[in-house]
Amino acid sequence: MPVGDYFVCVQSIVADGRGSLWVLDPAAPGNEKILPGGPKLVRIDLATNKVVKVIKFAESVVLQGSYLNDIRFSPDGKTGYITDSGTRGAIIVVDLATGDSFRVLDGHPSTQVEKDVVVKVDGKPLRRPDGRQPAFAADGIALSNDGATLYWQALTGRTLYSIATSKLAKGVPAGDVAAAVRTVGTTTVADGLWMSRAGVLYVTSPMDNSVKRWTGKSLETVVSDPRLRWPDTMSEAPDGTIYVTASHIQDTSWFKPGAPASLPTALFSFQPGR
């Protein structure tokens, strides 16, 4: 089947609050080789449950070795910001009207794996049979409610970064973009970020099965549960309930040879409190 016309390996689905659901497809099964012509962003109209737009990414934007991870949308609905957690981390900026896209912070230290970070689960380092640990670059991403500040961090990392989105406009020199990056603080190995409507930044913490929130200086645990094995993506309901998935990455055949191809999954929710 033509990979540009079908979902290959959906990574992220995000509702934009404007009646659309956007589906991000990195088209890199097993987080390995990209199928040429496959990486895309698909818009579904929730009123009709039909695909109304497909944005395909050029090979100069989604490089071989890339893995499109997560996306957030500007409040005006014009721009999407995507993390590339592949071998050379970056942020990809997408014009949602024209489909034009470009890479920023490509290879910048803020979007890369932190080599001194050891990912631990169940009290010990997580390793593949050949000794490799998870190595994912820019992964979690969040946008301030006014759209002025973008946040991100590498999964294999513990540093939260930010930048003014005004610096992510097309044509801004790469040096100016790099100079605008700010270190927000030290966090933990994190897979998902979520900025709530109340302006609280939530962080999933796979190493201790928890979801935390950023206080402005450090992280504090909001909820912890052994069922949250590798808490991953978050989203928020109209009543403020936060939903979180648990992807069980440490239980997959990547790390446990002989594990079944499909693992039981569940959706969890919690009230963030006041």
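Read on for a plain summary of the structure.

The rules behind these values
- Residues numbered from 1 in each chain as written.
- Predicted model: local features only at pLDDT ≥ 70, side-chain atom pairs only at ≥ 80, totals over all residues.
- Heavy atoms only, no water.
- Helix = DSSP H or I, 4+ residues; strand = E, 2+ residues; numbered from the N terminus.
- Buried < 20%, exposed > 50% of the residue type's maximum accessible area, 1.4 Å probe, protein only.
- Pairing = 2+ DSSP bridges.
- Axes fitted to C-alpha atoms, helices over the stretch in contact; angles between N-to-C directions.
- Phe/Tyr/Trp six-rings, centres within 6.5 Å; stacked < 30°, edge-to-face > 60°.
- Lys NZ or Arg CZ within 6 Å of the ring centre and 35° of its normal.
- Polar contact = N/O pair within 3.5 Å; in protein donor to acceptor, adjacent residues only side chain to side chain.
- Contact = heavy atoms within 4.5 Å.
- Core = buried A, V, L, I, M, F, W, Y, C linked by side-chain atoms within 4.5 Å.

Remarks on unusual backbone geometry
Phi is mostly negative for residues that are not glycine, and the peptide bonds are mostly trans.
Stage number 1. The backbone of L105 sits at a positive phi, close to 50 degrees, despite the residue not being glycine.
Stage number 2. With respect to the helices, strands and loops of the structure, L105 is situated in the loop between β8 (101-104) and β9 (120-121).
Stage number 3. Relative accessible area serves as the criterion here: at 8%, L105 is assigned to the buried category.
Stage number 4. In this structure, H248 is a non-glycine residue whose phi angle is positive, near 55 degrees.
Stage number 5. Checked against the element boundaries, H248 lands in the loop between β20 (242-246) and β21 (267-270).

Description of the pairing of strand β5 (residues 68-73)
In regular strands, side chains alternate between the two faces of the sheet.
Stage number 1. Among the six residues in β5, six count as buried, and that is most of the element.
Stage number 2. Direction of pairing for β5 relative to strand β6 (residues 79-84): antiparallel, over a ladder of four bridges. If you follow L68 over to β6, its bridge partner there is D84.

Notes on the sheet that holds β21
Stage number 1. Spatial ordering of the open sheet is given by β19-β20-β21, a layout of three strands whose pairing is antiparallel. What marks the edges here is a single partner per strand, and that holds for β19 (231-236) and β21. With direction set aside, neighbouring strand axes in the sheet form an average angle of 30 degrees.
Stage number 2. Pairing analysis gives four bridges linking β20 to β21, with the strands arranged antiparallel. Residue pairing in the sheet places T245 in a bridge with L267 of β21.

Things to note about the sheet that holds β5
Stage number 1. If you walk across this open sheet you meet the four strands as β5-β6-β7-β8, and the pairing is antiparallel. Unpaired on one side and paired on the other, β5 and β8 mark the two borders of the sheet. If you compare each strand with its neighbour and ignore which way they point, the axes differ by 25 degrees on average.
Stage number 2. Note: strand β7 (residues 90-95) against β8, four bridges, orientation antiparallel. Each residue of the ladder has a partner; that of I91, found in β8, is V104.

Topic: the packing of aromatic side chains
Stage number 1. As enumerated under the stated definition, the model contains five aromatic pairs in all.
Stage number 2. Aromatic pair F136 and W254: ring centres 6.4 Å apart, planes at 25 degrees, arrangement stacked. Pair noted here: F136 is in the loop between β10 (124-125) and β11 (138-143) and W254 is in the loop between β20 and β21, with a separation of 118 residues, a long-range link.
Stage number 3. On the basis of an interplanar angle of 25 degrees and a centroid distance of 6.1 Å, the ring pair of W152 and Y161 is categorised as stacked.
Stage number 4. Judged by its relative accessible area of 0%, W152 falls in the buried class.
Stage number 5. Directly above the ring of W254 sits R128, whose terminal nitrogen or CZ lies 4.6 Å from the centroid.
Stage number 6. Note that R128 overlies the ring of F255, its terminal NZ or CZ placed 5.9 Å from the centroid.

Quick notes on the side chain of T187
Stage number 1. Tracing the chain through its elements places T187 in the loop between β14 (182-186) and β15 (193-195).
Stage number 2. Engagement of the side chain of T187 in a polar contact is seen with the side chain of Q153, the distance being 2.6 Å.
Stage number 3. With residues near it in sequence (within four places) discarded, T187 still touches Q153, R158, T159, L160, W214 and L219.

Details of the nonpolar core
Stage number 1. Among the nonpolar cores identified, the biggest contains 19 residues, and L41, F57, I82 and I92 are the most heavily contacted of them.
Stage number 2. Elements with a minimum of two residues in this core: β2 (20-25), β5 and β7.
Stage number 3. Those residues in contact with F57, other than ones at most four positions away along the chain, are L24, P39, K40, L41, V62, L68, I82, I92, V94 and S101.
Stage number 4. Y81, F102, L150 and I163 belong to the second-largest nonpolar core, a separate cluster that totals 17 residues.

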